[in-house]
Amino acid sequence: MREFENPDRWDRVAEHYETTAHPFTARFAEAALARVPLAGSSRVLDVAAGTGALALAAARTGAQVLAVDFSPGMVARIAGARLPNVDARVMDGQALALPDGGFDAVFSIFGVIMFPDWRKGLAEMARVTRPGGSGVVATWQDQGAATFLLLGEIRRRLFPERESRAMPEGVRALGDPAGFTRALVAAGYAAPRIDRVTFDYALDVAMLDDPDTVFGLSPDWVDLSAADRAAVIAEARRMAGARPVLPIPSTALIAVAER
């Protein structure tokens, strides 16, 4: 899924991401943070930080946070929060320009799983985690989450003859707890603990008036014709019925490992 490997694409969708995805991924970020005790002296790294759901939440603990992402547009959103204990930099998570063992806790919330070389991303996370520190990775199960799941379901109903694009290899490989455990150990971590966490994504049906905001992150939306998009929106409204909010259960695996 090459679209996820292009920083320009993430620059273009940064505003939509901050509006629609950030509040939802923040719930998983909080769940991840609850599994690792942080203090004001803690040094935290957020890899593939997006618009900073984890980084900004970690900053509220008083920790010193570095947030990195390959998308300048995403990094600008984090920097715009102007928090004194958050530094945001453009950086490739597959080749972190950071010293070994510099962080007490290294997180990647739905980030490293999108990398072309996700194994290298995990290894880089382990490399910069201090001995005795923690690595925390969240990955989706199934075919992603939230509007990705909704769009996939609607496409199967409306266009059963068409194949949806597969999620990136990292999502597929790490969506299995046994495979996730093996990958973390191979990267240099030890004793991974993996939990399943499910939250409902609450889709405000009124947002379907601007469907690019809802579905624009998905390549399966971009490829649809105008007529097909209209049919998708009509089906989403039918599924919602009279409800103003359509809940979409979304499940992630959150792994905490030791260095």
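The rules behind each value
All residue numbers refer to positions counted from 1 along the written sequence of the respective chain. Note on the predicted model: pLDDT of at least 70 is required for a residue's local features to be given, and 80 or more for side-chain atom pairs to be given and counted; whole-chain, interface and lining totals, by contrast, use all residues. No hydrogens and no water enter the side-chain calculation; it runs on all heavy atoms of the structure. Going along the chain from the N terminus, every DSSP run of H or I of four or more residues is numbered as a helix, and every run of E of two or more is numbered as a strand. Three labels apply to residues, based on accessible area from a 1.4 Å probe with only protein chains included: buried if under 20% of the type maximum, exposed if over 50%, partly exposed otherwise in between. Centre distance within 6.5 Å is the pairing criterion for rings of Phe, Tyr and Trp, where only the six-membered ring of Trp is used; planes under 30 degrees apart are then read as stacked, over 60 as edge-to-face, and the remainder as tilted. UniProt positions are given in the numbering used here, feature names are shortened, and annotations may be inferred rather than shown by experiment. At least two bridges found by DSSP between two strands are what make those strands a pair. The path from the first strand over the helix to the second decides the hand: if it runs clockwise while the strands point away from the viewer, the crossover is right-handed. A helix is expected to span 1.5 Å for every residue after the first. In this context, the arc is that of the directions from the helix axis out to the C-beta atoms. By the convention used here, residues are in contact when the closest approach between their heavy atoms is within 4.5 Å.

By the naming in an unreviewed UniProt entry, the protein goes by Ubiquinone/menaquinone biosynthesis C-methylase UbiE and is assigned to Methylobacterium fujisawaense.

Student: An account of unusual backbone geometry is requested, with residue identities and associated values reported.
Tutor: Although it is not a glycine, Arg-82 adopts a positive phi angle of roughly 55°. Mapped onto the fold, Arg-82 is located in the loop between helix 3 (72-79) and strand 3 (86-90). Unusually for a residue other than glycine, Phe-110 sits at a positive phi of about 60°. Structurally, Phe-110 can be placed in the loop between strand 4 (103-109) and helix 4 (118-128). For Phe-110, a relative accessible area of 9% translates into the label buried.

Student: So what about the packing of aromatic side chains? Which residues, and what values?
Tutor: We describe a pair of aromatic rings using the distance from one ring centre to the other and the angle between the two ring planes. The tally for this structure, following the rule as stated, stands at 8 aromatic pairs. Judged by centre distance (6.2 Å) and plane angle (5°), the rings of Phe-24 and Trp-140 are stacked. You can see Phe-24 sitting in helix 1 (residues 7-33) and its partner Trp-140 sitting in strand 5 (residues 129-140), a full 116 residues away along the chain. Of the residues examined, Trp-140 reaches a relative accessible area of 8% and is grouped as buried. Ring pairs connect the aromatic residues Phe-24, Phe-28, Phe-110, Trp-140, Phe-199 and Tyr-201, which therefore count as one cluster.

Student: Describe the UniProt feature "domain: Methyltransferase" (unreviewed entry) in the protein, naming the residues involved and giving the relevant values.
Tutor: As recorded in UniProt, the sites labelled "domain: Methyltransferase" (unreviewed entry) are residues 44-133. As annotated, residues 44-133 has a helix share of 29% and a strand share of 30%, and its two end C-alpha atoms lie 10 Å apart.

Student: Which residues make up the environment of Glu-163, and what values go with them?
Tutor: With respect to the helices, strands and loops of the structure, Glu-163 is situated in the loop between helix 5 (147-158) and helix 6 (169-174). Glu-163 sits 57 residues away from Asp-220 along the chain, and the two C-alpha atoms are 9.4 Å apart.

Student: Give a detailed account of the pairing of strand 5, specifying residues and quantitative values.
Tutor: Burial runs high along strand 5: 9 of the 12 residues are buried. Relative to strand 5, strand 4 runs parallel, the two sharing 6 bridges. Its bridge partner lying in strand 5, Phe-103 is registered against Thr-129. Once the chain exits strand 4 it traverses helix 4 before rejoining the sheet at strand 5, and the crossover so formed is right-handed.

Student: Hey, could you go over helix 10 (residues 226-240) for me, with residue numbers and the actual values?
Tutor: The end-to-end C-alpha separation of helix 10 is 21 Å, in line with the 21 Å expected for 15 residues at 1.5 Å each. Within helix 10, burial applies to Asp-228, Val-232, Ile-233, Glu-235, Ala-236, Met-239 and Ala-240. Down the axis of helix 10, the buried set is contained in an arc of 160°. They therefore lie on one face. Exposed residues pointing more than 90 degrees away from the buried face of helix 10 are listed as Ala-226, Ala-227 and Arg-238. Residues of helix 10 that are buried in the fold lie against helix 5, helix 8 (211-215), helix 9 (219-222) and strand 7 (245-258). Positive phi appears at Gly-241, one or two residues downstream of helix 10, with a value of about 60°.

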